[in-house]
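The chain contents come next:
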2 protein chains.
Amino acid sequence: MGRGIAARLSAAGVPTLLGSRQLERAVAALARIGSSFRGLQAVSNSDVVDRCDLVFLAVPFASVADVLQTYRGRLRPGTVLVDVTVPLRFEQGMARFEPPPEGSAAEHIRAHLPTEIGLAATFKTLPAPLLGRAAEPLDCDEFICGDSPESTARARAALDRIATLRMVDVGGLEAACALEHMTALAITVNKRHKVRAARFRVVGL
Amino acid sequence: MGRGIAARLSAAGVPTLLGSRQLERAVAALARIGSSFRGLQAVSNSDVVDRCDLVFLAVPFASVADVLQTYRGRLRPGTVLVDVTVPLRFEQGMARFEPPPEGSAAEHIRAHLPTEIGLAATFKTLPAPLLGRAAEPLDCDEFICGDSPESTARARAALDRIATLRMVDVGGLEAACALEHMTALAITVNKRHKVRAARFRVVGL
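Residues numbered from 1 in each chain as written. Chains lettered and ligands numbered in written order. Predicted model: local features only at pLDDT ≥ 70, side-chain atom pairs only at ≥ 80, totals over all residues. Heavy atoms only, no water.

Considerations on the overall build of chain A
Operational definition: Secondary structure elements are taken from DSSP: a helix is a run of H or I of four residues or more, a strand is a run of E of two residues or more, and numbering for both begins at the N terminus. A radius of gyration in this sense is built from C-alpha atoms; the matching globule rule multiplies 2.2 Å by the number of residues raised to 0.38. Each residue's exposure class comes from its accessible area (1.4 Å probe, protein chains only) as a fraction of the maximum for that residue type: buried when under 20%, exposed when over 50%, partly exposed otherwise. Whether two residues are in contact is decided by their heavy atoms, any of which lying within 4.5 Å being enough. All accessibility values rest on the Shrake-Rupley procedure with a 1.4 Å probe; residue burial counts only the protein chains present in the view. His is not counted, nor are the chain ends, whereas Lys and Arg count as positive and Asp and Glu as negative. The atoms used to mark charge sites are NZ of Lys, CZ of Arg, CG of Asp and CD of Glu.
A tally of helices and strands in chain A yields eight helices and 10 strands. Relative to a compact globule of 205 residues, whose C-alpha radius of gyration would be 17 Å, chain A shows 16 Å and is just as compact. A principal-axis box enclosing the C-alpha atoms of chain A has dimensions of 40 × 40 × 35 Å. For chain A, the residues scored as buried account for 52% of the 205 residues in total. Excluding contacts between residues fewer than 6 apart, the proportion of contacts in chain A whose partners are at least 24 apart in sequence is 71%. Of the roughly 9000 Å² of accessible surface on chain A, 51% is carried by carbon and sulfur atoms. Averaged over its 25 positive side-chain charges, chain A has a centre that lies 8 Å from the centre of its 21 negative ones.

Below, the structure written as structure tokens:
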């Protein structure tokens, strides 16, 4: 997801830092993106939190607690964090959403973030491999919710620049639970129907 | 929902009984459908359970317990019940899905049905008003899951005949929770974006 987001944003002209705990891993991830985008740079996570005011949290949900523990105190006040995580359990090849006690990954993360950091949740239903092929149109919708209209707007300022994607605002973080269920549903559709990039469009909007 | 389902099915050539507790209410509902479809008849619920082997449970979720209590013992063995209910709570004009202890309306209903009755769950994300305007194309997808592939197939045998709708099989009833969340999400999209018939399509399938 991290590579895909970095590829799409930089392809859309948004200056982007691709971070990892170790700089070498970020450099390797950048190499895997394949194309070279102007304004896309590999850095350490420390650089990301020092230099960015919009930060995508693209780690497995199981690593969220660790990553937040390490970096949350170092995010610049006013930063908006964008959660793209989904706690999934795989059972007989099928994905199930395993909600944390707060109801969703987004609400869990909100509960563990300092108040001066905003939170948006999105990119829950976009297939990572498709996201990574930045030359291929996404041709779908993606839902976004946030802890305030401002957090959502800050995330959208970047994401709306991805030309083949329509962002659909669904309000507060209480919507995240539905979006995280839809991740599992999209994976189920992929597996059952032997496709690779099932995603959603809202008809009638 | 009941009127819409009856209208769409009979428009598609499926012989359909539109039932209500009282025959007069079924007759009134039939009159509200507006068009006359060959093979669509208003009857009492007792007639429905006596004569049908595919029965749509289109009542508010709050009435499900009562309706099941009254009719479940009278369904013909081998009948497939199709659950289209969603437990919603409205809060400041927004819809929230309120899952029953079993996780979804569908799983709740399954837990209260005799074993010789099959259960499918679908039509959770189709807007009732649009469904009722049977001449208007639906132009979207609808998800279906069931307690067995047979139950799903039995429901699809009727629903696949609705020409402007693509049914997407998402497996067992454990998928129903996602679908019921999506009902609330579609209503949220309607309210926030001032549209009336937000619904879903799967891209990449």
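Moving on from the coordinates now.
Some thoughts on the environment of A:Val67
Residue and element names in this part refer to chain A. Position of valine 67 among the secondary structure elements: in helix H4 (residues 61–71). With 89 residues separating them along the chain, valine 67 and arginine 156 place their C-alpha atoms 24 Å apart. In this structure, valine 67 is in contact with Arg21, Leu57, Val59 and Arg72, ignoring residues within four places of it in sequence.

A closer look at the pattern of salt bridges
Which entries qualify depends on this criterion: What counts as a salt bridge is simple: a side-chain nitrogen of Lys or Arg found within 4 Å of a carboxyl oxygen of Asp or Glu.
Inspection of every chain in the model, using the stated rule, returns 20 salt bridges over all chains. For the salt bridge of A:Arg89 with A:Glu91, the shortest nitrogen-to-oxygen distance reads 2.3 Å. Of the residues examined, A:Arg89 reaches a relative accessible area of 28% and is grouped as partly exposed. By relative accessible area, A:Glu91 is classed as partly exposed at 38%. In this structure, the salt-bridge partner of B:Arg192 is A:Asp169, at a minimum N-O distance of 3.4 Å.

Some details on the nonpolar core
Put simply, the rule is: Nonpolar cores were defined as sets of buried Ala, Val, Leu, Ile, Met, Phe, Trp, Tyr and Cys residues, with membership established by side-chain atoms within 4.5 Å.
A:Phe143 and B:Phe143 are the most contacted members of the largest nonpolar core, which has 70 residues in total. Grouped together as the second largest cluster of nonpolar side chains are 24 residues, B:Val80, B:Ile144, B:Ala155 and B:Ala197 included.

A look at the interface of chain B and chain A
Condition: Reported buried area values correspond to the accessible surface (1.4 Å probe) lost by two parts on association, with both partners' losses combined. Residues were grouped as follows: Ala, Val, Leu, Ile, Met, Phe, Trp, Tyr, Cys and Pro as nonpolar; Asp, Glu, Lys and Arg as charged; and all remaining residues, including Gly, as polar. For two strands to be treated as a pair, DSSP must find no fewer than two bridges joining them.
In this assembly, 30 residues from chain B lie in contact with 30 residues from chain A. Note on chain B versus chain A: buried area summed over both sides is about 2500 Å², and carbon and sulfur give 70% of it. A per-residue breakdown of the area chain B buries against chain A is headed by B:His181, B:Leu185 and B:Val203, which together make up 22% of the total. Examining the composition of the side of chain B that touches chain A, we find that 10 residues originate from one element, helix H8 (residues 176–193) of chain B, more than from any other. Here the side of chain B that touches chain A is built from residues that sort into 18 nonpolar, five polar and seven charged. Across five bridges, strand E10 (residues 199–203) of chain A lies against strand E10 (residues 199–203) of chain B in antiparallel orientation. In the sheet register, A:Val202 faces E10(B), and the bridge partner there is B:Phe200.

With respect to helix H8 (residues 176–193) of chain A
Residue and element names in this part refer to chain A. Counted only if it meets this: By this rule the span expected of a helix is its residue count minus one, scaled by 1.5 Å.
Here H8 is 18 residues long and its end C-alpha atoms lie 26 Å apart, about the 26 Å a rise of 1.5 Å per residue gives. In terms of residue burial, H8 counts as a mostly covered element, since 14 of its 18 residues are buried. Looking one or two residues beyond H8, the residue adopting positive phi is lysine 194, at roughly 50°.

Some words on the relation of the copies chain B and chain A
For the record, the criterion: Superposition of the copies was done by least squares, using only C-alpha atoms of residues whose pLDDT is at least 70 in both.
Rotating chain B by 180° about the axis while translating it 0.0 Å along that axis superimposes it on chain A, leaving an RMSD of 0.0 Å. Here the copies are linked by what is in effect a two-fold axis. The C-alpha atom lying nearest the rotation axis in chain B is that of B:Arg201; the distance is 2.6 Å. Most of the interface of chain B is mirrored in chain A, where 100% of its interface residues again form contacts.

Here's the deal with the sheet that holds strand E7 (residues 118–122) of chain B
Residue and element names in this part refer to chain B. The criterion, for reference: Here the axes come from fitting lines to C-alpha atoms, over the contacting stretch only for helices, and the angles between their N-to-C directions go from 0 to 180 degrees.
Across the sheet, which stays open at both edges, the five strands sit in the order E3-E4-E7-E8-E9 with mixed pairing between neighbours. Only two strands of the sheet have a single partner each, and these edge strands are strand E3 (54–57) and strand E9 (165–172). Neighbour to neighbour, the strand axes of the sheet diverge by 25° on average, direction disregarded. With three bridges connecting them, E7 and strand E8 (residues 140–146) associate as antiparallel partners. Its bridge partner being in E8, alanine 120 is matched across the sheet by glycine 146.

Here's the deal with the side chain of A:Ser44
All names here are of chain A. Tracing the chain through its elements places serine 44 in strand E2 (residues 40–44). A relative accessible area of 17% places serine 44 in the buried class. Leaving out residues up to four positions away in the same chain, serine 44 has contacts with Gly19, Ser20, Arg21 and Leu23.

Observations regarding the sheet that holds strand E4 (residues 80–83) of chain A
Residue and element names in this part refer to chain A. The strand order across the open sheet built from five strands is E3-E4-E7-E8-E9, with neighbouring strands paired in mixed fashion. At either margin of the open sheet sits one strand with a lone partner, and together these are strand E3 (54–57) and strand E9 (165–169). Taking each pair of neighbouring strands and ignoring which way they run, the sheet shows an average axis angle of 30°. When E3 meets E4, the two strands line up parallel, connected through four bridges.

Some remarks on the pairing of E8(B)
Residues and elements named next belong to chain B. Spelled out, the test is: A crossover gets the label right-handed when its path from the first strand over the helix to the second runs clockwise, viewed with the strands pointing away from the viewer.
With seven of its seven residues buried, E8 lies for the most part within the structure. Neither face of E8 is left uncovered, since the one carrying Cys140, Glu142, Ile144 and Gly146 and the one carrying Asp141, Phe143 and Cys145 both have all their residues buried. By the bridge criterion, six bridges tie E8 to E9 in an arrangement that is parallel. Across the sheet, residue phenylalanine 143 finds its bridge partner in E9, namely valine 168. Read as a crossover between parallel neighbours, the route from E8 over helix H7 (residues 149–159) to E9 is right-handed.

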